[in-house]
Structure formats: C-alpha cells, structure tokens
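Summary of structural features
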Amino acid sequence: MSKKASKISKKKNPNMHETTCPPNMELVREFRDEDTKEAGLKIVDYSISEDKTLYQNHLHYDQLYTWRFGELSPYCLGLLEGKLMGTKCPTCGDVFFPARVNCWNLDCKWIKTEWIEIAQKGKVHTYTVAGWSGRSSLKRLPFVLAYVILDGVNTAVAHEIREIEPWDAEFDMPVKVKFIPEDKRVGAITDFYFVPDDGWEPSPMNPEKERIKKLCEPVYEWVKTL
Amino acid sequence: MTETKKVCVIGGNTTPFDYNNLHMTIEAMAANAFHETMDDLPEFNPRDIDFVVYSHFSVHFGKQLAPEWIIHDHLGLVGIPHFRVENGGNTGGCSLYAAYALVKAGLADVCPVIGWETMDTVTQSQGSEFIALASDTRYELLVGGIYPIFYAAGALKFMKENKMKEEDFALIAMKNRNNAMDNPKAQWYRNEHKYITVDDVMNSRLMAYPLKKYDCCLMSNGLAVLIVCSEEYAKQVAKDSGYVTIDGVGLSSCTIRAGDRIAFPGWTERYGPGYPDLTEFAACRNSAEQAYKRAGIEWKDSHKQINVAEIHDAFSTSECQIYKALGWADTDTIAEFVRNKETFMEGSIPANPGGGLMGYGHPVGATGLMSTIECFYQLTGKIPQKHLSNKSQVPDARVGLVNSHAGTGTSISNFILRTAEGGR
C-alpha cells in the first residue's frame, strides 16, 4: 500500500506550480500607513445604562493578513507593470479576466490555462451609480461601477469608471483602462480603473440622467461632511 | 432511501428583529425563542431533540468562532449531535435543507434549526463591508463594491430589458414595509413604524441606481428557531396545533462573480446561450424547478398552485427578478404582474405578508428560518395569533413557497410547504 502511494506521489501533476520550496520572498515593498499595527484583541471602553442594568463595551481587533496569490501571481505582477494579465484555455479557447488558472468547462477536465495579455479596451455590459458603499470607499461617492467586457474576453469584470459625470454612464459605452502612476501601484485591481474611450461623448441630458443627477446631489453634500 | 417518508415543520419563533435595540446574548435569544415555542406546542418535549442544525453566516460580527457551541451548551443539549451550516444569505435555506435531509435519511427524528446574526456590533458601512467579504474580495470588494452595488448593476439591465420603471420596484418595497406594520416582531414595525408610499421610496437616498434606501433590506440583530421533524413525530405532538409537510426542496448554485454569468458553460448547457447574464437568477429557476417537480407543481402555472410565498427580498428589484425565476411571469408579463399587485395581500399570490427582509429584517442566519416560520404560520392559520390582526393572514392558504438566496444569486433554495391533512 505504502509502496503504491509513493509511486503515485512521484507522478508529476502538470497543473502544479513550480517554485523553490520554501520560496524566497525577498523583494519586499511596504506601503502600510504608519499607524498600522497588529494590536490583537483589546477592550477599549465600556458603557453602562442609566438604570445600571445593561453593560456593553467596544472590542478592538487589529490583524494583518497575508494574501498569497500563488498561481494567480502573474495577474498581480502584470498590474505592477501596467499590464492586464488574463488566461486562455488551450483546449476550448475561452478567455478569462479575472483570470481562472484552470478552465471552467468540465469537458476540459480542469486543464491549466495559459497566461495572456488582455486588451485594455472594452464595452460597458451594465453599470450602476453608487451612492453608498463599504467603509473604505465612502469618500469616493458617488461613483460609477460597471461590469466591462474587455475585448476578446468571455467574462465581465466589475470596476469603477472615472473621469465622467456619474449620470453620463451608459450601456455599451466604449471604455479604456487607465493605470495609476507606477510608484503608487500595489499589485491589486485598484492599480487601474476605466475611463471613457477616446472619442466618446456623453449623450444629451434626458429625464433618466436628470433623475440620477438629482439623486447624486445629496450624496456629494454628505461626502463633504466625512 | 424511500421517497415516502415525509418531513414536517411543527413550530418556530423568532426573537424580535432589531438594530442596536436588542440587548440579548445569542444563547438567551435561543432559549427565549424555544421557550415561546413551548407555549405553541405543549406536547413537544425538549428531550425528544436528537439533532440540531445551526444556521449562522458571519463570525466576523461576533468575533467568536463556533458560536453555536455557546448556544448548544447553554440550552442543555450537550451530547446531542450538532453542526453549523453557512452558505451566505442562503444560510437559513441551506440549514433547513440539511435538517430536511437528516430527517428524510432517518438520521434524525426531531431536528430544530437555530439561526441568528448580530449585525449591529459594527457600524452600518462596516457591516456592509463584512457582508461583501462574501464577494470575491480580490476583485470586487477592493473596487468599492458591496452587495447593493452588485445587485443594482444587474437590476438596471433587468429594468431596461423588461421595460420596467423604478416605480414598479418601489411598489414592492412599499408592500413589504407596509405588511410589516401588522407584525410586532418586525424591525420596521419596531423602529421606523410608519406606512409608506411609492413616493417615499422614490425620495429615499440613493444606494446604487436604481436602488434607493427603501428598496433595500434592513441590517438586523435577531434569532429564529424552527422545529423540523418526522411525520410520525408531528402526528404525535402537533395534531392539535397544526403542522406542515415539506413537499418539495430545491437547491442550486451560480458563480461568485456576477460578471462570469454571460457565457458560463454549465448554464449554456441547461438553458441555452446568454442566460442568466447579470439579469436573471439561474440558481433560483433551477432550484424552483427541482422543488416544483418534487411537490408535483407545474412550472407553467406555478403561481396559481401556490397560495402564499416568502421571498428573499434583499432588494425590491431582486424580489421582482425572483418572481420571474420562479416562473410566475416572463419578459412580456413581469411589468404587468407587478403593476397588477399580484403579490399584495389582495393579489393572487401574496408575497412576504410578514414583511420580508425589507420589513421584518435580515439577520442573515435567521432570515430563511424567519421566512419558513412565517409560511408555517400562514399554512396553519396562526397569523392572527402571531401578528396584530388577521389582515396579514392569507385566507385558506394551503400551499406555500419559501425562497432563500445568497451572494448575487450564488446559492438559492426553494421549498414547497403544504398544510398537513387535518393540520389546520
């Protein structure tokens, strides 16, 4: 039994990522805020009701996470260089951005996909104008979040369209990728965003655009108070 | 395994659902909900419990791993097997699915399901971000996306393709909130406490176009207990109080990232190219097909064979998209279906008479159970006892649908419940 098992373990799986083990993660670049610290669990206050029957407190918990991108690393490394790296199935030809490192088509038996550079132009499949978001995005409101199909890709990617009045976004509008300056990039999706493609002009105001504009007004006012 | 063994629901209760005003520990909430259920079911003996399924979504809110261990211990159930189910917004539905499977397989006879979420431990925006940790964080959360934004992007395209207006969705938002005004445990009743109009929805603040604040569900603290058991046990303890049989169950899944739904091979194989896109809920259609088939309900006039429905109305738009995925309307008829108020109390298939997620509240792990409990009350005629009046009771309801829904439609379950013979 053990003899057989050791034989199987020697068989090379072509899907496995080749690397030195343990890898030497020696190229480090830090951009954490000065006040980022791992404080762990700490009770930072308490409060008691007026009638002295109820107690509550605030627990603060601060933790740094390591996100290991493993097989997806070419995507992150591509962003640092100003490239959009996606994948293509060598069998069925489907193209993915965001990348899938194994094909989604069951007939392709989870074959490892190949990394390819993706076009930095595409079309808006659908979109919304956000007036509320998670804690880390409130100050950017209101913003346009669109699902964009990049040229030649079988999936859509969700991202922000900037350099546009939110109410001017529209279905099928052509967009292009704009990267943030190289020294600001962190190897994450926020290293780029979409902007209207060259030559695109907003359509004239219409009742729906007026409606969205009106809905945005109090959001601009509220953000000023943050 | 034979298909003859029936699985039943004999009772259940929720705590009030609330935000910032519910000063109860999770273990006390569970004990109180059980205690209340003992009043409804005097023959039920806690010693008959032989399995417990726990339904809880995010341990981020409590900063406590395996919080079900605290509850189980507190309830005095040590020694009884338990596990927790987690499947996003469909956690409640999947917990019911698990309890159903356990009883159906003969591994349990009496299997309560206990679900909760304590979402008011952090600020609303932090809570939204915690929930959005169920999106593919590497891509979607980082770009500022939270669920109302993902849903809105799908809903806007749905609105255009189905020739609908913001006001149509506002009708649904108004319905559920106003229904909740007959339900004293509902968060809307306990907090905002007012009847609203379509204009109120239209004038509420922008969340993500076309969704405004009143198109969105409530973030809640609350717990629910639902008692699932074999038919033999139901006959033994619930003959007088009434019970329901779970006649159809269905569960399906879809992609985590909504952007991957334009040409997913599995859906193309099942339903043809271009479906579900970002506009339709394929996992709802697929799970409804399973549930209808098991319950002997015809797809084409399912809405005529179901008397009442509890739908996962995380957003007014998604309730509407769900009507379509349940086969109640198609692209040509959905606008008319909504405008005719078919799902209002006076309509042909009332949906969310107890308020749904927009009126009752959405403490995620408790939500699908709350929906099941409300449906159980409807089918056993208990609404006048449980709500404030009989105006939210669907007269003579005998067939009910419960829908539970996760992610951007990433996991969806549907159940068909029927009043047991003599069970009303």
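This is a predicted model, so every value here is computed, not measured.

Brief notes about the overall build of chain B
A count of helices and strands for chain B gives 17 helices and eleven strands. Computed over C-alpha atoms, the radius of gyration of chain B comes to 20 Å, within 12% of the 22 Å expected from 2.2 N^0.38 for 424 residues, which places it in the range of a compact globule. By its C-alpha atoms, chain B is 55 × 45 × 45 Å across when sized along the principal axes. Relative to all contacts within chain B whose residues are 6 or more apart in sequence, the contacts with residues 24 or more apart total 80%.

What to know about the overall build of chain A
When its secondary structure is counted, chain A shows three helices and ten strands. Its helices and strands in sequence order give chain A the pattern α-β-β-α-β-β-β-β-β-β-β-β-α, from N to C terminus. Dimensions of chain A, computed from the C-alpha atoms along their principal axes, are close to 70 × 60 × 35 Å. Here chain A holds 226 residues, and the buried ones make up 28% of them.

Describing the interface of chain A and chain B
Listed by partner, the interface residues are 39 residues for chain A and 37 residues for chain B. Among the elements of the structure, strand 2 (55–62), strand 6 (121–130), strand 7 (143–150), strand 8 (157–161) and helix 3 (207–224) of chain A are those that each provide at least two residues to the side of chain A that touches chain B. Per-class residue counts for the side of chain A that touches chain B are 24 nonpolar, twelve polar and three charged.

Considering the confidence of the model for chain B
Summary statistics for chain B give a mean pLDDT of 96 and a share of 98% for residues scoring 70 or more. Our summary of model confidence lists the complex with pTM equal to 0.95 and ipTM equal to 0.95.

Focus on the nonpolar core
All names here are of chain B. Core analysis: the biggest nonpolar cluster contains 185 residues, and Val9, Cys111 and Val228 have the highest contact counts within it. With ten residues, the single largest contributor to this core is helix 5 (residues 147–161). In this view, Val228 contacts Val7, Val9, Leu96, Ala99, Tyr100, Val103, Cys111 and Val113; residues no more than four positions away in its chain are not counted.

Remarks on helix 1 (residues 26–40) of chain B
All names here are of chain B. Here helix 1 spans 22 Å end to end across 15 residues, near enough to the 21 Å set by a 1.5 Å rise per residue. Within the span of helix 1, buried status applies to Ile26, Met29, Ala30, Ala33, Phe34, Thr37 and Asp40. Mapping the buried residues of helix 1 onto a view down its axis gives an arc of 130°, with all of them on the same face. Facing away from the buried side of helix 1 by over 90 degrees, the exposed positions are His35 and Asp39. Residues of helix 1 that are buried make contact with strand 1 (7–14), helix 2 (68–74), strand 4 (110–118) and strand 7 (221–230).

Focus: the environment of A:Phe96
Of note, A:Phe96 is situated in strand 4 (residues 95–96). Setting aside chain neighbours within four positions, we find A:Phe96 in contact with A:Gly86, A:Thr87, A:Thr113, A:Val153, A:Asn154 and A:Thr155.

Side note on the sheet that holds strand 10 (residues 399–406) of chain B
Residue and element names in this part refer to chain B. Judged by pairing direction, the sheet is mixed, and its nine strands sit side by side in the order 3-2-4-7-1-8-11-10-9 without closing on themselves. Because the sheet does not close on itself, it has two edges, and the strands there are strand 3 (82–85) and strand 9 (308–310). The mean inter-strand angle of the sheet, taken between neighbouring strand axes irrespective of direction, is 25°. Bridge count between strand 10 and strand 11 (residues 411–419): eight bridges; the pairing is antiparallel. Its bridge partner being in strand 11, Gly400 is matched across the sheet by Leu417.

Looking at the packing of helix 3 (residues 91–104) of chain B against helix 16 (residues 364–379) of chain B
Residue and element names in this part refer to chain B. Contact pair helix 3 / helix 16: the axes reach a minimum separation of 6 Å and the direction vectors enclose 65°. Between helix 3 and helix 16, the contacting residues are Thr91, Gly92, Gly93 and Leu96 on the first element and Val364, Gly365, Ala366, Thr367, Gly368, Leu369 and Thr372 on the second. Of the residues that constitute the contact of helix 3 with helix 16, the class distribution is four nonpolar, seven polar and no charged.

Considering the sheet that holds strand 5 (residues 114–117) of chain A
All names here are of chain A. The strand order across the open sheet formed by three strands is 4-3-5, and the pairing between neighbours is antiparallel. Each edge of the open sheet carries a strand with a single partner, namely strand 4 and strand 5. Alignment of strand 3 (residues 85–88) against strand 5, held across four bridges, turns out to be antiparallel. Pairing of Lys88 across the sheet is with Glu114, part of strand 5.

A look at helix 4 (residues 124–131) of chain B
All buried positions along helix 4 of chain B are accounted for by B:Gly127, B:Ser128, B:Glu129 and B:Ile131. Where helix 4 of chain B is buried, its residues meet helix 5 of chain B.

Comments concerning the packing of helix 6 (residues 166–179) of chain B against helix 13 (residues 316–325) of chain B
All names here are of chain B. Packing of helix 6 against helix 13 brings their axes to within 8 Å, and their N-to-C directions diverge by 100°. By the angle class used here, helix 6 and helix 13 are roughly perpendicular. Here Phe169, Ala170, Ile172 and Ala173 of helix 6 lie close against helix 13, whose contacting residues are Ser316, Thr317, Glu319 and Cys320. Of the residues contributing to the contact of helix 6 with helix 13, the split by class is five nonpolar, two polar and one charged.

What about the confidence of the model for chain A?
Low pLDDT marks stretches whose predicted atomic positions should not be read closely. On average, residues of chain A score 91 in pLDDT, and 91% of them reach the 70 mark or higher. In this model, residues 1–6 of chain A is a region of pLDDT below 50 whose contacts with residues beyond four sequence positions or in other chains number zero contacts.

Criteria and thresholds
Residues numbered from 1 in each chain as written. Chains lettered and ligands numbered in written order. Predicted model: local features only at pLDDT ≥ 70, side-chain atom pairs only at ≥ 80, totals over all residues. Helix = DSSP H or I, 4+ residues; strand = E, 2+ residues; numbered from the N terminus. Rg over C-alpha atoms; globule rule 2.2 N^0.38 Å. Contact = placed C-beta atoms within 7 Å. Buried ≥ 20, exposed ≤ 12 C-beta atoms within 10 Å, placed from the backbone. Nonpolar A, V, L, I, M, F, W, Y, C, P; charged D, E, K, R; others polar. pLDDT = per-residue confidence, 0-100. Core = buried A, V, L, I, M, F, W, Y, C linked by C-beta atoms within 7 Å. Expected span 1.5 Å × (residues − 1). Arc of directions from axis to C-beta. Pairing = 2+ DSSP bridges. Axes fitted to C-alpha atoms, helices over the stretch in contact; angles between N-to-C directions. Parallel < 35°, antiparallel > 145°, perpendicular 65-115°, else oblique.

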